Amino acid sequence: MKKTAFIFPGQGAQFIGMGEDFYKTYKESKEIYDSASELICLDMKKLCFEEKEKLNITEYTQAAILTTCIAILKAMKPYEISPDVCAGLSLGEYAALVACETMTFSDAVKVVRQRGILMQQAVPIGLGAMAAVLALDKEKVEEVCSEIEGVQIANYNCPGQIVISGKKEAVEKACVRLKEVGAKRTVPLNVSGPFHSVMLKEAGEKLKEVLEPISFKEHHIPYVTNVTAEYIEDTKQIKELLTKQVYSSVRWQQSIENMIQNGVETFIEIGPGKTLTAFVKKINKDVKVINIETVKDLEKLKEI
C-alpha cells in the first residue's frame, strides 16, 4: 500500500503575502488566521500579508509560518487525503503535531510564539553565526566540527547541503577549514542567532517550562522527530524532544530516508516555499513530491 507523508517547512520559508489567497478563499483558513490573532495578540493578517520588517524577526516569524501552514492544511480537507506520517523542519515540527491531531492549533501557536521569543533573546546578536556547507560529505563536516570547539552541525538538509552553527569565530574558522578539505562553497546565513546549537540550550530549558502544562493527545498518525529521525508514537516523549530540538541537529535527510524506508512514496509539502520539495528530490529522485503553497496548487492533490 502506498504511503503519504505531510511535511511542513521551517523558518526561512516566509514571504509577504503567504497564505493570503487561502484567507480570501476559504472560511476555514480565515478562521485560523483570525484565531491566531486572538490567541497571541498579534494581527496575523497584517503580519503575513503586509508587514515587512517584523515578518523576518524570529519572534514573529515562527507563529506566522505555523499559522499559514495550518490555514493551508484546513483548505485541503475536502480532498480527503490522510497522511500516514507527518514531519516538519525545525519549527515545522509543530505543524506536523497539529496535523497528527496530537497538539491543538491553539496550544501550538501559543507555544511557538514563546519559542520564537526565547530563541530571539537567547544569544546577543553578533555572538553566534550559521553557515551552509555545500558539496561536502557529512562525515567530513562532522570531522571538522569535532576538531573546532564552539561549532556543530545544525541541519542535515540533503546530500550536498549541511548547515553549521555556533560561536561566530568558530563558524568562520570551520568555514575556512571546510573549504580546505573539499567544500565547494560555504555561505554565511542571514540569521539572528546560532540556531540548533548548544548556545541555545538555555532557550530549550525555558521552552520546557512553556511546554509543561500542554496536553498531547494520543495519536494514530505518527510523526518523525528532528532530534533522532525516528517515528514517535508515544506522546510521553514529545515534550523532551521539542525541548532538545531547539539546541540539537535537525536530521532532515535521515528523517526522509527513514520515511521512505517505511514505505512512503508521496511527500506533500504544506506551507510557504518549496525548500523541502527540493530537499526531498535531492535525497531520493524516485519518490513523488508536491508542494501546496497557493490555492491553485490544490489542483495537484487530484493526482494523488
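Attention here is on the structure that accompanies the text. Source: prediction; values computed, not measured.

## Quick word on the environment of Lys 110
Within the secondary structure, Lys 110 sits in helix H6 (residues 105-122). Put simply, Lys 110 and Leu 136 are 26 residues apart on the chain and 38 Å apart in space, counted from C-alpha to C-alpha.

## Considerations on the packing of helix H9 (residues 201-211) against helix H10 (residues 238-245)
Their axes nearest at 8 Å, the elements H9 and H10 cross at an angle of 150°. Of the possible angle classes, the one that applies to H9 and H10 is roughly antiparallel. Regarding H9 and H10, the two cross each other, and that crossing is right-handed. Across the interface between the two elements, Gly 204, Glu 205, Leu 207, Lys 208 and Leu 211 of H9 pack against Lys 239, Glu 240, Leu 242 and Thr 243 of H10. When grouped by side-chain class, the residues that make up the contact of H9 with H10 number 3 nonpolar, 2 polar and 4 charged.

## A few points about unusual backbone geometry
Glycine aside, a negative phi is what most residues show, and trans is what most peptide bonds show. With a phi close to 65°, Glu 101 is a non-glycine residue in the positive phi region. Along the chain, Glu 101 falls in the loop between helix H5 (92-99) and H6. Judged by relative accessible area, Glu 101 falls into the exposed class, the value being 52%. Phi angles above zero are rare outside glycine, and Ala 135 is one such case at about 60°.

## Some details on the pairing of strand E1 (residues 3-8)
Of all the 6 residues making up E1, 5 are buried; the element is thus mostly covered by neighbouring parts of the structure. With 5 bridges connecting them, E1 and strand E9 (residues 264-270) associate as parallel partners. Bridge pairing in E9 places Ile 7 opposite Glu 269. One ladder, built from 4 bridges, connects E1 with strand E2 (residues 85-88); its direction is parallel. Of the residues in E2, the one forming a bridge with Ala 5 is Val 85.

## Re the nonpolar core
Across soluble globular proteins, nonpolar side chains have a tendency to be buried as a group. With 73 residues, the main nonpolar core has Phe 6, Phe 8, Met 44, Leu 66, Ile 268 and Ile 292 as its most contacted residues. Looking at this core element by element, the count peaks at 11 residues for helix H4 (residues 58-75). In this view, Leu 66 contacts Tyr 94, Ala 95, Phe 105, Ala 108, Val 109 and Val 112; residues no more than four positions away in its chain are not counted.

## Some details on the sheet that holds strand E6 (residues 185-188)
Strand order in the open sheet made by the 4 strands is E4-E5-E3-E6, with antiparallel pairing throughout. Across the chains shown, the open sheet's two edge strands, defined by having one partner strand only, are strand E4 (151-158) and E6. On average, adjacent strands in this sheet sit at an angle of 25° to one another, irrespective of strand direction. The pairing of strand E3 (residues 128-134) with E6 spans 4 bridges and is antiparallel. By the bridge assignment for E6, Ala 131 is matched with Pro 188. Seen against the sheet, helix H7 (residues 138-147) touches E3, E4 and strand E5 (161-167) and runs at an angle of roughly 165° to E4. Each of E3, E4, E5 and E6 is contacted by helix H8 (residues 168-180), which is oriented at about 145° to E5, the strand it contacts most.

Definitions and limits used
Residues numbered from 1 in each chain as written. Predicted model: local features only at pLDDT ≥ 70, side-chain atom pairs only at ≥ 80, totals over all residues. Heavy atoms only, no water. Helix = DSSP H or I, 4+ residues; strand = E, 2+ residues; numbered from the N terminus. Axes fitted to C-alpha atoms, helices over the stretch in contact; angles between N-to-C directions. Parallel < 35°, antiparallel > 145°, perpendicular 65-115°, else oblique. Left-handed = near helix turned anticlockwise from the far one by under 90°. Contact = heavy atoms within 4.5 Å. Nonpolar A, V, L, I, M, F, W, Y, C, P; charged D, E, K, R; others polar. Buried < 20%, exposed > 50% of the residue type's maximum accessible area, 1.4 Å probe, protein only. Pairing = 2+ DSSP bridges. Core = buried A, V, L, I, M, F, W, Y, C linked by side-chain atoms within 4.5 Å.

In short, geometric facts, not functional conclusions.
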